[in-house]
Amino acid sequence: MYRGAAFGLIAALSLTACGGSDSDSSNPLTGDSADSGGSGKSIVVGSANFPENQLLAEIYSQALEAKGLKVTRKFDIGAREVYYDQVVKGGIGVFPEYNGALLSVAVDKNSTATSTEEVNAELKAKLPSSVEILDSAAAEDKDSVTVTSETAAKYNLKTLADLKPVAKDMTIGAGSEFKTRKQGGEGLKSVYGVEFGKFQPLDAGAQTTLVKLLKDNDVQAANLYTTDPAIVEDKLVVLEDPKNLFSSQNVTPLVYKSAVDDTAKAALNGVSAKLTTEDLLEMMKKLVNDKEDSSDVAKEWLTSAGLVS
């Protein structure tokens, strides 16, 4: 699965990175245009229509403002099919993307790149000349096979490879499409030799149910996204994927080249240098579970990372 489909628990609260629709009222091209970070005009920062991406866009916005740059926020735009073209045409200057989904959904649907390095190399070679990616963060929001801490201890599970001798006695819960996908059941079998004894399909957006099934041991493994707040809240264990079955989905700024100067690029790369998946997990817990405001969550993280005073 790629970072254009449902976002774990977040998907139950909002729409997806490349799903949903947009109206003219949220079209960035109807408002201020992107312009040079050094021209005195605003840099338009956009976001997709789900909470995590809006949070990332707020982090980018505040990081740019901390450098004295003017920002116009155009959040909650909608599908990648809508916002990507607007970045390419200059209607949006900065957008928080997920590199694997950007490549496989918008740039090259036939790409087989999986690692961060492979994905970014292809993006740099294949993106339209008007745009570029900046540095990728270590933070990712990607597919995983996740187990409870009790199951991990019982079977000594640390990586997907560790499942091979025990998966036959386990049930995995996931969206129905996971069973036959290369980045799913088929890939687990071909890449790691892992075959689960049973498969429990769930409808899209049923992650809350999936987490409950996992905690109740009705399933012993689950396909969760790596920034699902339940991972922190319930002390779940995300199994490592050393062979990159699940393609990289690093948080990566996509920018319209003429909209950002060196100061803006440095501010955005500064965010990427600090942002980890663990940071995203903690922030999404505050945003989703604790109902904190995204601007406050963003400012708190930027301050703790030393990026704003």
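In this report, we go over the structure that sits alongside the text.

Parameters and conventions
Along every chain, residues carry numbers that run from 1 in the direction the sequence is written. A pLDDT threshold of at least 70 governs which residues receive local features in this predicted model, and a stricter bar of 80 or more applies before side-chain atom pairs are shown or counted, although totals over entire chains, interfaces and linings include all residues. For the side-chain quantities, the full set of heavy atoms in the structure was used; hydrogens and water were omitted. Using a 1.4 Å probe on the protein chains alone, a residue whose accessible area is under 20% of its type maximum counts as buried, one over 50% counts as exposed, and one in between counts as partly exposed. By definition, any uninterrupted DSSP run of H or I lasting at least four residues is a helix, any uninterrupted run of E lasting at least two residues is a strand, and each is numbered from the N terminus. The pairing criterion for strands is at least two bridges between them, as found by DSSP. Handedness of a crossover: with both strands directed away from the viewer, a clockwise path from the first strand across the helix to the second marks it as right-handed. Axis geometry follows a simple rule: fit a line to the C-alpha atoms, using only the stretch in contact for helices, then measure angles between N-to-C directions, giving values from 0 to 180 degrees. Here the angle decides the label: under 35 degrees means roughly parallel, over 145 means roughly antiparallel, 65 to 115 means roughly perpendicular, and every other value means oblique. By the definition used in this description, the sense in which the near helix is turned from the far one sets the handedness, with an anticlockwise turn below a right angle giving left-handed and a clockwise turn giving right-handed. Whether two residues are in contact is decided by their heavy atoms: any pair within 4.5 Å suffices. Residue polarity follows a fixed list, in which Ala, Val, Leu, Ile, Met, Phe, Trp, Tyr, Cys and Pro are nonpolar, Asp, Glu, Lys and Arg are charged, and the others, Gly among them, are polar. Summarising the geometry, the arc corresponds to the directions from the helix axis toward the C-beta atoms. Among buried residues, those of type Ala, Val, Leu, Ile, Met, Phe, Trp, Tyr and Cys that are joined through side-chain atoms within 4.5 Å constitute a nonpolar core. N or O atoms within 3.5 Å of each other form a polar contact, as long as, within protein, one can give a hydrogen and the other can take it, and as long as residues adjacent in sequence are counted only when both atoms are side-chain atoms.

1. Some points on the pairing of strand 1 (residues 43-46)
Inference 1: The alternating pattern of strand 1 places Ile43 and Val45 and Val44 and Gly46 on opposite faces, both of which are buried.
Inference 2: Pairing analysis gives four bridges linking strand 1 to strand 2 (residues 71-74), with the strands arranged parallel. Residue pairing across strands places Ile43 opposite Val71, the latter belonging to strand 2.
Inference 3: Following the chain from strand 1 across helix 2 (residues 51-66) to the adjacent parallel strand 2, one finds a crossover that is right-handed.

2. Observations regarding the packing of helix 2 against helix 12 (residues 294-304)
Inference 1: It is the contact of helix 2 with helix 12, at a shortest axis distance of 9 Å, that shows an interaxial angle of 55°. Overall, the two elements helix 2 and helix 12 adopt an arrangement that is oblique. In this structure, helix 2 meets helix 12 at a crossing whose hand is right-handed. Side by side, helix 2 and helix 12 meet where Leu55, Glu58, Ile59, Gln62 and Ala63 of the first sit next to Ser294, Ser295, Val297, Ala298, Lys299, Trp301 and Leu302 of the second.
Inference 2: Of the residues belonging to the contact of helix 2 with helix 12, the class tally is seven nonpolar, three polar and two charged.

3. Details of the sheet that holds strand 7 (residues 198-202)
Inference 1: The strand order across the open sheet formed by five strands is 7-6-8-5-9, and the pairing between neighbours is mixed. Each edge of the open sheet is held by one strand with a lone partner, namely strand 7 and strand 9 (237-238).
Inference 2: As paired elements, strand 6 (residues 171-175) and strand 7 share five bridges and run parallel to each other. The residue bridging Thr171 from the neighbouring strand is Lys198, located in strand 7.
Inference 3: Contacts from helix 8 (residues 207-215) reach strand 5 (143-147), strand 6, strand 7 and strand 8 (221-225) within the one sheet, and its direction differs from that of strand 8 by about 140°.

4. Some words on helix 8
Inference 1: Considered for burial, the residues of helix 8 that qualify are Gln207, Leu210, Val211, Leu213 and Leu214. Down the axis of helix 8, the smallest arc covering the buried residues is 160°, so these residues share one side.
Inference 2: One or two residues past the end of helix 8 sits Asn217, with phi positive at roughly 65°.

5. A few points about the nonpolar core
Across soluble globular proteins, nonpolar side chains have a tendency to be buried as a group.
Inference 1: Core analysis: the largest hydrophobic core is formed by 55 residues, its most contacted members being Leu64 and Val251.
Inference 2: When residues of this core are assigned to their parent elements, the largest contribution, seven residues, is made by helix 2.
Inference 3: Every residue in contact with Leu64, bar those within four places of it in the chain, is listed here: Ile43, Val45, Leu69, Val71, Ala264, Ala267 and Leu268.
Inference 4: Counting residues in each nonpolar core, the second largest holds 20 residues, with Leu157, Met170, Phe178 and Val194 among its members.

6. What about the environment of Val255?
Inference 1: With respect to the secondary-structure elements, Val255 resides in strand 10 (residues 251-256).
Inference 2: Judged by relative accessible area, Val255 falls into the buried class, the value being 0%.
Inference 3: Expressed as a C-alpha distance, the spacing of Val255 and Ser130, which sit 125 residues apart in the sequence, is 8.7 Å.
Inference 4: What Val255 contacts, discounting residues up to four positions off in sequence, is Val87, Gly93, Val94, Ser130, Val131, Glu132, Leu134, Val260 and Leu268.

7. Some details on the side chain of Ser111
Inference 1: Position of Ser111 relative to the elements: it lies in the loop between helix 4 (99-107) and helix 5 (116-126).
Inference 2: Within polar-contact distance, the side chain of Ser111 engages the backbone nitrogen of Ala113 at 3.2 Å.
Inference 3: Not counting residues up to four positions away in its chain, the partners in contact with Ser111 are Leu103 and Glu122.

8. A short note on the pairing of strand 8
Inference 1: Most of strand 8 is tucked away: five of the five residues are buried.
Inference 2: On strand 8, burial covers both faces: Ala221, Asn223 and Tyr225 on one face and Ala222 and Leu224 on the other are all buried.
Inference 3: Alignment of strand 5 against strand 8, held across four bridges, turns out to be antiparallel. When the bridges of strand 8 are listed, Ser144 appears paired with Leu224.
Inference 4: Both strand 6 and strand 8 contribute to a ladder of two bridges, which runs parallel.

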